[in-house]
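Chains, contacts and geometry: an overview
Here's the letter readout for the chains.
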Amino acid sequence: MARNFRTASKQRSRRNPDIKRTKLKKTTRVDRPTSPWKTLGTDYAKRYPQLFEKGIGTLNGYEARITLRQDAVPKFHRPRPVPYALHSKVDEELDRLQQEGIIRQINRSEWASPIVIVRKADRSIRVCGDYKVSVNPYLETECYPMPNTQELFSTLAGGRVFTRLDMKQAYQQMKFSPDSQVYLTINTSKGLFVYTRMPFGITSAPSIWQKAMDEILAGIPGCICYLDDILVVGGSQEEHDQRLDIVLDRLNKSEKGLRPLESKYGAIREAPQPQNVTQLKSYLGLLNYYGRFLPNISTALQPLYKLLQKSMPWIWKKSQQEAFEKSKEKLLNSSCLTHYDWQNHYDSSVTPRQKELGLV
């Protein structure tokens, strides 16, 4: 997944003007040291070749789907005229999308949207469905919070070395559920096509993508994702490189049937008892990434979270020790999680109550 990263690494330099003088002294220009990214980039490309190879990647383990409101009415729109100068480019782009398995041709559909041609900075084009005239008004919108400015600046705080990973055709790296494909049919001069990958232009796409990336990158310090950009920051070159390596490794290992990495078991099993708030935060940060595997983990960790409160003095009691040991036990005994497959057999456990119903 997440191939063809366009990466930029920057390192800030400090300026120390002579504050005793009232005027700035004219100085000789000093060039910044050569960025180590050229060497590092080559090294990362060799270690993670699947992330940097040509072609569209696949975000395994995740599948996008859309839900329509009950009052949805099929909309079928004819193809719009394409400017003569863009005919060949549109045909080439449709051929490319078909060859890479992003779209497939169909014979008929109750839903059809005209296409919109978006010119890109490199003079190439992007073909998108104009879903605002068809399916978007009927979509049940996915509600997921996007990173705000404060979160972005908080991640940048204290950073001196930065890397931005730009994921090529990000949305289209996520597979699109077969039962949702027909709603996003596009009508072109070459016929009808449906998307097998999540397309640009649907209102739910940003939230679906952001949620998946937040789950994959959870718990990595100095890392934040905003849609198709992943920002990695470090206070030093060494810290930055370590974090970048974790990010690339996490992306590389994302696969269907998520399970806590056995290679990480030792670090958690042998983790010493935290002696201060900083050490406790580090342990909880590592554990929180695996929260999806741990039932009722928030309740179990409550005694530990109390020590993070500013008004709470650092006193490690029996309740904290029990929560610490129980969290390790839960992870080491955790089971594999995978996405629901209606073709498989499942057992349901129902707990009825007076005003609610619990189902597992």
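Notes on the structure follow. (Residues numbered from 1 in each chain as written. Predicted model: local features only at pLDDT ≥ 70, side-chain atom pairs only at ≥ 80, totals over all residues. Heavy atoms only, no water.)

Moving on, we get to the overall build of the protein chain. Assigned secondary structure in the protein chain consists of 12 helices and 13 strands. Burial statistics for the protein chain: of 360 residues in total, 38% are counted as buried. When contacts within the protein chain are restricted to residue pairs at least 6 apart in sequence, those whose partners lie at least 24 apart make up 76%. Just so you have it, the protein chain exposes about 22700 Å², and 50% of that area is on carbon and sulfur atoms. (Helix = DSSP H or I, 4+ residues; strand = E, 2+ residues; numbered from the N terminus. Buried < 20%, exposed > 50% of the residue type's maximum accessible area, 1.4 Å probe, protein only. Contact = heavy atoms within 4.5 Å. Areas by Shrake-Rupley, 256 points an atom, 1.4 Å probe, with all protein chains shown as cover.)

The subject of this paragraph is the pattern of salt bridges. Using the criterion set out here, one finds 11 salt bridges in the structure. Across the pair arginine 96 and glutamate 93 runs a salt bridge, and its minimum N-O distance is 2.7 Å. Of this pair, arginine 96 and glutamate 93 both sit in helix H3 (residues 87-99), three residues apart, which is roughly one turn of the helix. Under the relative-accessibility criterion, glutamate 93 is labelled buried at 13%. In this structure, glutamate 239 engages arginine 243 in a salt bridge whose closest nitrogen and oxygen atoms are separated by 3.2 Å. With glutamate 239 and arginine 243 both in helix H7 (residues 237-253), this residue pair falls four residues apart, about one helical turn. For glutamate 239, a relative accessible area of 29% corresponds to the partly exposed category. The network of salt bridges with shared partners includes Glu63, Arg65 and Asp179. (Salt bridge = Lys/Arg side-chain N within 4 Å of Asp/Glu carboxyl O.)

Relative to the elements of secondary structure, glutamine 172 occurs in the loop between strand E6 (161-166) and strand E7 (175-176). Relative accessible area serves as the criterion here: at 3%, glutamine 172 is assigned to the buried category. In this view, glutamine 172 contacts Ile56, Gly57, Leu97, Ile102, Tyr195, Arg197, Met198 and Phe200; residues no more than four positions away in its chain are not counted.

Moving on to H3. Helical periodicity: at 3.6 residues per turn, an α-helix aligns residues three or four positions apart in one direction. Between its terminal C-alpha atoms H3 stretches 18 Å, which fits the 18 Å expected from 13 residues at 1.5 Å a residue. Among the residues of H3, those classed as buried are Val90, Glu93, Leu94 and Leu97. Projected onto a plane normal to the axis of H3, the buried residues spread over an arc of 100° and lie on a single side. With respect to the buried face of H3, the exposed residues turned more than 90 degrees away are Glu92 and Gln99. Tucked inside the fold, the buried residues of H3 contact strand E3 (103-106), strand E4 (113-119), strand E5 (125-129) and strand E8 (186-188). (Expected span 1.5 Å × (residues − 1). Arc of directions from axis to C-beta.)

On to the environment of glycine 285. Topologically, glycine 285 is positioned in helix H9 (residues 277-289). Each C-alpha atom, one on glycine 285 and one on proline 221, is 8.4 Å from the other, the two residues being 64 residues apart in sequence.

Time to look at unusual backbone geometry. The backbone phi angle of leucine 227 is positive, close to 55°, even though this residue is not glycine. Inspection of the secondary structure puts leucine 227 in the loop between strand E10 (223-226) and strand E11 (229-234).

Checked against the element boundaries, asparagine 136 lands in the loop between E5 and helix H4 (149-156). Using a relative accessible area of 13% as the deciding quantity, one classes asparagine 136 as buried. In this view, asparagine 136 contacts Tyr131, Gly201, Ile202 and Thr203; residues no more than four positions away in its chain are not counted.

Now for the pairing of E11. Consecutive residues of a regular strand have side chains that alternate between opposite faces of the sheet. The pairing of E6 with E11 spans six bridges and is classified as antiparallel. Directly across from aspartate 166, in E11, lies its bridge partner aspartate 229. Sheet topology note: the E10/E11 ladder contains four bridges and is antiparallel. Its bridge partner lying in E11, isoleucine 224 is registered against leucine 231. A loop of two residues connects E10 with E11, the two strands running antiparallel in sequence, and leucine 227 in this loop sits at a positive phi of about 55°. (Pairing = 2+ DSSP bridges.)

Per the stated rule, a full pass over the model turns up zero disulfides. With no disulfide of its own, cysteine 223 lies 7.4 Å from the sulfur of cysteine 225, the closest cysteine sulfur. Here cysteine 223 falls in the buried class, since its relative accessible area comes to 13%. (Disulfide = S-S within 2.5 Å.)

Read across the open sheet, the five strands follow the order E3-E9-E8-E4-E5; overall the sheet is mixed. Strands with a single pairing partner mark the edges of an open sheet, and in this sheet they are E3 and E5. Shown here is a sheet whose adjacent strand axes are inclined to one another by a mean of 45°, direction ignored. Both E4 and E5 contribute to a ladder of five bridges, which runs antiparallel. In the strand pairing of E5, isoleucine 117 is matched with valine 127. In the packing of H3 onto the sheet, the strands contacted are E3, E4, E5, E8 and strand E9 (191-195), and the crossing angle to E5 comes to about 70°. (Axes fitted to C-alpha atoms, helices over the stretch in contact; angles between N-to-C directions.)

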